[in-house]
Amino acid sequence: MKIERFEDINAWKTSRELCNAIYKLLKEHRDYSFKSQMERAALSIMNNIAEGFERKSNNELRQFLYIAKGSCGEVRSMLYLAEDLSIFDPTTAEILRDKADHISRMLSNFIKAL
């Protein structure tokens, strides 16, 4: 399948799911600094994929995909802390870490294909 829009990119679709899950889980959370940082990191994944694609240059796309990969790592790191602080239960944290790791691997494959 030819990718014509960033919405066609599977890593973007999966990062959208991750971002929505994090926003929903943190909706009532009162530590606004933690909440903001985690939401921004999750949002950074999908937005960097979109922005890089819209630049219409493989070199720029690659650069933005690396930034998105970095944000995947940040989300995974914060999910460990969320689990440690009992913000998320261990099962939820693990599911979300697995999703972030899956996105990171998809981005690596995308970068290699470029």
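One can find the structure itself at the top, above this paragraph.
Just so it is clear, the structure is predicted and the values come from calculations on it, not from any experiment.

A.B. asks: Would you take a moment to explain the overall build of the protein for this structure?
C.D. replies: Helices and strands together make up the secondary structure of the protein, namely four helices and zero strands. For 114 residues, the compact-globule estimate of 2.2 N^0.38 gives 13 Å, and the protein sits close to it at 14 Å. Principal axes of the C-alpha set define a box for the protein whose edges measure 40 × 20 × 20 Å. In the protein, the proportion of contacts linking residues at least 24 apart, taken out of those at least 6 apart, comes to 69%. For the protein, the distance from the average site of its 18 positive side-chain charges to the average site of its 17 negative ones is 4 Å.

A.B. asks: How should I be thinking about the packing of aromatic side chains in this particular structure?
C.D. replies: The geometry of an aromatic ring pair is captured by two quantities: the separation of the ring centres and the angle between the planes. All told, the structure shown has one aromatic pair when counted by the stated rule. Sitting over the face of the ring of Tyr80, Arg97 holds its NZ or CZ atom 4.0 Å from the ring centroid.

A.B. asks: Would you explain the pattern of salt bridges in this entry?
C.D. replies: Pairing between side chains of opposite charge can happen when the charged atoms of each approach one another. According to the stated counting rule, one finds five salt bridges in the structure shown. A salt bridge links Glu17 to Lys99; the nearest nitrogen and oxygen atoms lie 2.9 Å apart. Of the two residues, Glu17 is situated in helix 1 (residues 10–25) and Lys99 in helix 4 (residues 90–113); the sequence distance between them amounts to 82 residues.

A.B. asks: Help me understand the nonpolar core in this model?
C.D. replies: Most often, soluble globular proteins keep nonpolar side chains buried together rather than apart. In terms of nonpolar packing, the biggest core is built from 34 residues, with Met38, Ile49 and Val75 touching the most fellow members. Residue contributions to this core peak at nine residues, all from helix 2 (residues 32–54).

A.B. asks: What exactly am I supposed to notice about helix 2 here?
C.D. replies: Every α-helical turn comprises 3.6 residues, leaving residues that sit three or four positions apart pointing alike. For helix 2, with 23 residues, the first-to-last C-alpha span of 31 Å sits near the 33 Å given by 1.5 Å per residue. A bend of about 30° at Ser44 is the largest found in helix 2. Phi for Lys56, located one or two positions after helix 2, is positive at around 60°.

A.B. asks: Honestly, the packing of helix 1 against helix 2 in this entry has me stumped. Any pointers?
C.D. replies: Helix 2 packs onto helix 1 with a crossing angle of 160° between their chain directions and a minimal axis gap of 9 Å. The angle between helix 1 and helix 2 places the two elements in the roughly antiparallel class. Pair helix 1 / helix 2 crosses with left-handed handedness. On helix 2, the residues that touch Ala11, Trp12, Ser15, Arg16, Leu18, Cys19, Ile22 and Tyr23 of helix 1 are Met38, Glu39, Ala42, Leu43, Ile45, Met46, Ile49 and Ala50.

A.B. asks: Looking at this model, I keep getting lost on the environment of Arg97. Mind explaining?
C.D. replies: With respect to the helices, strands and loops of the structure, Arg97 is situated in helix 4. Owing to a relative accessible area of 11%, Arg97 belongs among the buried residues under this scheme. The spacing of Arg97 and Gly73 is 24 residues in sequence and 9.1 Å in space, taken between C-alpha atoms. A polar side-chain atom of Arg97 sits 3.0 Å from a polar atom in the side chain of Glu83.

Cut-off values and rules
Residues numbered from 1 in each chain as written. Predicted model: local features only at pLDDT ≥ 70, side-chain atom pairs only at ≥ 80, totals over all residues. Heavy atoms only, no water. Helix = DSSP H or I, 4+ residues; strand = E, 2+ residues; numbered from the N terminus. Rg over C-alpha atoms; globule rule 2.2 N^0.38 Å. Contact = heavy atoms within 4.5 Å. Lys, Arg positive; Asp, Glu negative; His and termini not counted. Charge placed at Lys NZ, Arg CZ, Asp CG, Glu CD. Phe/Tyr/Trp six-rings, centres within 6.5 Å; stacked < 30°, edge-to-face > 60°. Lys NZ or Arg CZ within 6 Å of the ring centre and 35° of its normal. Salt bridge = Lys/Arg side-chain N within 4 Å of Asp/Glu carboxyl O. Core = buried A, V, L, I, M, F, W, Y, C linked by side-chain atoms within 4.5 Å. Buried < 20%, exposed > 50% of the residue type's maximum accessible area, 1.4 Å probe, protein only. Expected span 1.5 Å × (residues − 1). Bend = angle between axes of the 7 residues up to and from the residue. Axes fitted to C-alpha atoms, helices over the stretch in contact; angles between N-to-C directions. Parallel < 35°, antiparallel > 145°, perpendicular 65-115°, else oblique. Left-handed = near helix turned anticlockwise from the far one by under 90°. Polar contact = N/O pair within 3.5 Å; in protein donor to acceptor, adjacent residues only side chain to side chain.

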